[in-house]
Amino acid sequence: MADIPGTARVVIIGGGAVGASCLYHLAKAGWTDCVLLEKNELTAGSTWHAAGNVPTFSTSWSVMNMQRYSTELYARLGAEVDYPMNYHQTGSIRLAHSKERMQEFARARGMGKYQGMDLDILGVDEIKARYPFIETHDLKGALYDPNDGDIDPAQLTQALAKGAREMGARVLRFCPATGVRREGAEWIVETAKGEIRCEIVVNAAGYYAQRVGDWFIPHGRRRMPMMVMSHQYLLSEEIPEIEAWTREVGHKLPLLRDVDVSYYLRQEKHGFNLGPYEPRCRAHWADPSDPMPEDFSFQLWQEDLDRIEDIVTDAMERVPLLGTAGISKVINGPIPYAPDGMPLLGPMPGVPNAFEACVFTFGIAQGGGAGKVLAEWITEGATEWDMWSCDPRRYTDYTDHEYCVQKGMEVYGNEYAMHFPWHRWPAAPDRKLSPLHDRVKAAGGQMGAYNGWERANWFAGPGDDTSEEATQTWDRAGPWESRIREECEAVRDAVGILDLPGFSRFNIEGPQAADWLASQITGVVPRVGRIGLVYFADIRGRILTEMSVIRHRDDLMTLITASAAEWHDYELLARRLEGVQGVTLTNRTKDYMTQILAGPASRALLSDICDADLSQPWLTHQATEIAGHWARLVRVSFAGELGWEIHTKTADTAAVFDAVWQAGQAHGLKPFGMWALNSLRIEKGYRAWKGDLSTDYSMLEGGLDRFVKFDKPQDFPGKAALLGEKQRGVAKRFVTLIVDAGAADAPYMSTLWHDGQIVGETTSGAWGYRVNASVALGMLRADLATPGTVLEVEIYGERFPATVQPDAPLWDPQNERLRA
């Protein structure tokens, strides 16, 4: 019992590569009073049987940052902590069988170059020169990453643990955590050897993370969204030709990935390691007939080679040398999966002073970066890179067990698949439905999921190709394009309606509510009867979130924000309200629904069905009745036309919509979808959350100066940092670009070039059907952010001219149509 400390600042549960990295990085940050608990030996979970590949490739900016950082850390870690490590940076070759795959690779290359990585595109002949044993007759090319490779997972974990110990942190092996409880502002972590009182707990329990997470359910919001997959890889016998080649050239073969077939092939000593991600995959511990054991440390499942036979055969045809050797060993072990395949890294939803660093499907590659991110979150309250792609709060209350299993299997079976902007992965639909769902579908709505809510992306007409195959393109063209144009033109020329369920909606109420809100936002609180846009910054002045504030009374306001932001933004408000008297916070997201009604005929339409004063100006709101039901008309328009948001009680939504729809037939009313709305908002320069608006950028960099009021009576988070930045001048500036684009518009994080140098990035892009041009929003080096500057935008590997536009909307720059 004496070896258990009674107190610690942080307790980490789980001793794999990620948990050890968290401990190491906390110690590096000066937080040495930290303890890691492992119920067995370090690495006993997924880490011990992991293949140990360390790629940098990703089409997620934040994940690429994490993985790049891991390669940089691992290259120096052995010397830094004086621990022997087998880390081979062999480089890797990702094979492409199609033009679309080459476009994906080109996009990743641009992102990598921005991060300082020397990724390169290989022609077919160059592939053979780097990998002489490969058949290339059916390939289009490849992506080469010189920093890719492999590491011994056990050595990595031990090196991180050694470094952490030497800085004063503690690692307790064979000390299982058995539960947690809350006492005041502290956690008590219960173990088989005693209790530890601490400030902060981190769940880094790997494939046991859900079981550990269940201890926190009484203090939080949900059961952890995850499941466990069976992942197999094969080790071949040694092959003389590989041994001879290695001795001749002095290094290992590059790691080969045939992503269109779905496997990697790596040199392992003088043989091969073949790792398939098979479509005919298997979930484990997913139903009562296959319960999760209390302890699965250092254990594997029986091999199941029938599942991977086709992939093995293909790999042997690609590298015939593989077929000359037998199989020496099959590894079949558990890997945890979240529904989107991304880790859960960040604050535990709704739970004070608790964090998640778990459900890593690529924990070795991401472990180094994950420890850095987690330590920043704990010690500084913010991370260097915006980490929304991994934030546990990206999931809310729709991720039941069935959903997690279905989506996890879908992600695993499509591990290397391309994520086209027009494609929807079909598993586990219809988690949250609008009262208008059947009407929207009957009108041709092609649906997408937004925080689980089903919304129409576009409306198909008779004969349109709505197959999944039609969406396998990066290009603008497709059966949706003409329909999006029609939807945008209807909003421009007549009137359109968009069903928008799931807006995150919070009420703050009380005598101190307005003063409190004024102290939290960078700008001002709107007057009673008005609606205003407000921003929350972090201590660095970076953009945390954007909300619309509807002021009902002096002491009552509704805050509306993005559907995906529901738990993130509720938690932001709740945490800042801790200890504040005279203010209550209520989540009303499910109680109300919203339709957007926009277009020059919207006033005439509404005048036919309600008695509201429709002459009230832009940014006002009023209650009215439609078809005998209460509704609130809010005069704003994300579409950039005369229009209103129609807010209704959920139970009344269908009746109100039916009245609007019937009256609208005389005014040319047409439904429009999210893709049309995206085009319309980009033409107005309106920002979208976690694309244009993120903690990667400050308020001033984001061009939001008019929402920062330095002279208001209240201080606000980030004020000092923003004042300093204002005096220094911003490094980047938000711009709107007209792009002389080809077949595709600029996706998120397309690189901007000027005089042969990378000078910025796009944050979103789309075709503007009212301005008849490809439009991109982005962040540009400040000295170039002047109207008329000509740049180049790299879109899927091709550079296209782009011109910086004046700081005003492209469409209706004076907002005359909005204010009509």
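See the structure shown above.
Just so you know, these numbers come straight off a predicted model, no measurement behind them.

J.: In this structure, what is going on with the overall build of the chain? I would like to understand it.
T.: A tally of helices and strands in the chain yields 20 helices and 38 strands. A compact globule built from 820 residues should have a C-alpha radius of gyration of about 28 Å, and the chain, at 27 Å, falls within 12% of that. For the chain, the C-alpha atoms occupy an extent of roughly 85 × 65 × 60 Å along the three principal directions. The long-range fraction of contacts in the chain, counting pairs at least 24 apart against all pairs at least 6 apart in sequence, stands at 73%. Carbon and sulfur atoms make up 49% of the accessible area of the chain, which totals about 29,900 Å². Between the centroid of the 83 positive side chains of the chain and the centroid of its 110 negative side chains there is a distance of 5 Å.

J.: What am I meant to see in the pattern of salt bridges here?
T.: In a structure, side chains of opposite charge can pair up when their charged atoms sit close to one another. By the definition in use, this model includes 61 salt bridges. The partner of D304 in a salt bridge is R307, with the nearest N and O atoms 3.4 Å apart. The exposure class assigned to R307 is buried, which follows from its relative accessible area of 10%. Among the ionic pairs, R439 bridges to D658, the shortest N-O distance being 2.8 Å. Placement of R439 in helix α12 (residues 437-442) and of D658 in helix α17 (residues 653-664) is noted, with a sequence separation of 219 residues between them. Since its relative accessible area comes to 34%, R439 is described here as partly exposed. Within this structure, R181, E183, E186, E190, E195 and R197 form a network of salt bridges that share partners.

J.: It is not clear to me how the sheet that holds strand β38 (residues 798-804) should be interpreted in this structure. Could you clarify?
T.: By definition, the strands of a sheet pair up through backbone hydrogen bonds, in either a parallel or an antiparallel sense. Within the closed barrel, the six strands sit side by side as β33-β36-β35-β34-β37-β38. Their pairing is antiparallel. Geometrically, the sheet is characterised by an average inter-axis angle of 40° between neighbouring strands, direction not taken into account. As judged from the two bridges shared by strand β34 (residues 751-754) and strand β37 (residues 790-795), these two strands associate in the antiparallel manner. When the sheet's bridge partners are listed, W753 is paired in β37 with E792. Strands in contact with helix α4 (residues 99-114) are β33 (732-739), β34, β35 (757-768) and β37; relative to β35, the strand with the most contacts, it is inclined by about 140°.

J.: Could you clarify how one ought to interpret the sheet that holds strand β22 (residues 495-499) in this entry?
T.: Here we have six strands laid out as an open sheet, ordered β29-β30-β31-β28-β22-β32, and mixed in their pairing. One side of each edge strand has no neighbouring strand; the edge strands of this open sheet are β29 (621-626) and β32 (669-671). Neighbouring strand axes in the sheet, compared pairwise and without regard to direction, differ in orientation by 30° on average. Across the sheet, helix α13 (residues 479-493) is in contact with β22, β28 (592-598) and β32; its angle to β32 comes to roughly 145°.

J.: What should I look at first to understand the packing of helix α3 (residues 61-81) against helix α10 (residues 363-380) in this one?
T.: A packed helix pair is summarised by two numbers, namely the angle formed by the two axes and the spacing between the axes. Running from N to C, α3 and α10 point in directions that differ by 100°, and their axes come no closer than 7 Å. What the angle tells us is that α3 and α10 run roughly perpendicular. Here V63, M66, Q67, Y69, S70, L73 and Y74 of α3 come into contact with α10, specifically with I364, A365, Q366, G367, G368, G369, A370, K372 and V373. Classifying every residue of the contact of α3 with α10 by side-chain character gives nine nonpolar, six polar and one charged.

J.: Help me understand the packing of aromatic side chains, please; the structure alone is not making it clear to me.
T.: Each aromatic ring pair is characterised by the separation of its centres together with the angle its planes make. Applying the stated criterion across every chain, the model contains 28 aromatic pairs. When the centroid spacing of 6.4 Å and the interplanar angle of 70° are considered together, the rings of F133 and W245 count as edge-to-face. In this pair, F133 sits in the loop between α5 (124-130) and β6 (141-145) while W245 sits in helix α8 (residues 240-249), placing the two residues 112 residues apart along the sequence. W245 matches F133 in its accessibility class, with the two residues each being buried. Here a set of aromatic residues connected by ring pairs shows up, and it is made of Y207, Y208, W285, F296 and W301.

J.: Sorry if this is basic, but what is going on with the pairing of strand β23 (residues 504-509) here?
T.: For a regular strand, side chains alternate in direction, first toward one face of the sheet and then toward the other. Within β23, five of the six residues are buried, leaving the element largely enclosed by the surrounding structure. Looking at chain direction, β23 and strand β26 (residues 556-561) are connected through six bridges and run antiparallel. Its bridge partner lying in β26, E509 is registered against L556. In this sheet, strand β27 (residues 584-587) lies alongside β23 in antiparallel orientation, the contact comprising four bridges. In the strand pairing of β27, F506 is matched with N587.

J.: Would you explain a nonpolar patch on the surface in this entry?
T.: Taken together, W48, F298 and L300 make up a surface patch of nonpolar side chains, about 230 Å² in accessible area. Tracing the sequence through the fold places L300 in the loop between β16 (283-284) and α9 (309-318). You can call L300 partly exposed: its relative accessible area is 31%.

J.: Explanation requested: the state of the cysteines in the structure shown.
T.: In a disulfide, the sulfur atoms of two cysteines are covalently bonded to one another. All told, the structure shown has zero disulfides when counted by the stated rule. No disulfide involves C175; its sulfur sits 13 Å from the nearest other cysteine sulfur, which is in C198. Its relative accessible area of 1% is what places C175 among the buried residues. Unpaired in this structure, C358 has its nearest cysteine sulfur neighbour in C22, at a distance of 9.6 Å. Given a relative accessible area of 2%, C358 falls into the buried group.

J.: So what exactly am I meant to see when it comes to the nonpolar core here?
T.: Within soluble globular proteins, side chains that are nonpolar generally end up buried alongside one another. Ranked by size, the top nonpolar core spans 53 residues in total, and within it Y337 and M699 carry the most contacts. At the level of elements, α3, α4, β12 (227-236), β17 (327-337), α11 (401-413), β24 (531-537) and β36 (773-781) are the ones that each hand at least two residues to this core. Every residue in contact with M699, bar those within four places of it in the chain, is listed here: T522, Y535, A537, G541, I543, L704, D705, F707, V708 and L722. Listed in part, the 50 residues of the second largest apolar core include C22, L23, L42 and M342.

J.: Explain unusual backbone geometry to me, please; I cannot follow it from the model alone.
T.: Glycine aside, residues mostly have negative phi, and peptide bonds are mostly found in the trans state. Its identity is not glycine, yet S262 carries a phi of approximately 90°, on the positive side. Take S262: it is sitting in the loop between β13 (255-258) and β14 (263-268). Positive phi values are uncommon outside glycine, yet N815 reaches one of about 60°. Topologically, N815 is positioned in the loop between β38 and α20 (816-819).

J.: Would you mind showing me how to read the pairing of β36 here?
T.: Extensive coverage of β36 is indicated by the burial of eight of its nine residues. Inspection of the sheet shows β33 paired to β36 by eight bridges, in the antiparallel sense. Each residue of the ladder has a partner; that of R733, found in β36, is L780. Sheet topology note: the β35/β36 ladder contains eight bridges and is antiparallel. Counterpart to G768 in the pairing with β36 is A773. Here β35 folds back onto β36 in antiparallel fashion, the turn holding four residues, of which N772 has a positive phi close to 55°.

Cut-offs applied
Residues numbered from 1 in each chain as written. Predicted model: local features only at pLDDT ≥ 70, side-chain atom pairs only at ≥ 80, totals over all residues. Heavy atoms only, no water. Helix = DSSP H or I, 4+ residues; strand = E, 2+ residues; numbered from the N terminus. Rg over C-alpha atoms; globule rule 2.2 N^0.38 Å. Contact = heavy atoms within 4.5 Å. Areas by Shrake-Rupley, 256 points an atom, 1.4 Å probe, with all protein chains shown as cover. Lys, Arg positive; Asp, Glu negative; His and termini not counted. Charge placed at Lys NZ, Arg CZ, Asp CG, Glu CD. Salt bridge = Lys/Arg side-chain N within 4 Å of Asp/Glu carboxyl O. Buried < 20%, exposed > 50% of the residue type's maximum accessible area, 1.4 Å probe, protein only. Pairing = 2+ DSSP bridges. Axes fitted to C-alpha atoms, helices over the stretch in contact; angles between N-to-C directions. Parallel < 35°, antiparallel > 145°, perpendicular 65-115°, else oblique. Nonpolar A, V, L, I, M, F, W, Y, C, P; charged D, E, K, R; others polar. Phe/Tyr/Trp six-rings, centres within 6.5 Å; stacked < 30°, edge-to-face > 60°. Patch = residues over 30% accessible without salt bridge, like charges linked within 9 Å, V, L, I, M, F, W, Y side chains within 5 Å. Disulfide = S-S within 2.5 Å. Core = buried A, V, L, I, M, F, W, Y, C linked by side-chain atoms within 4.5 Å.

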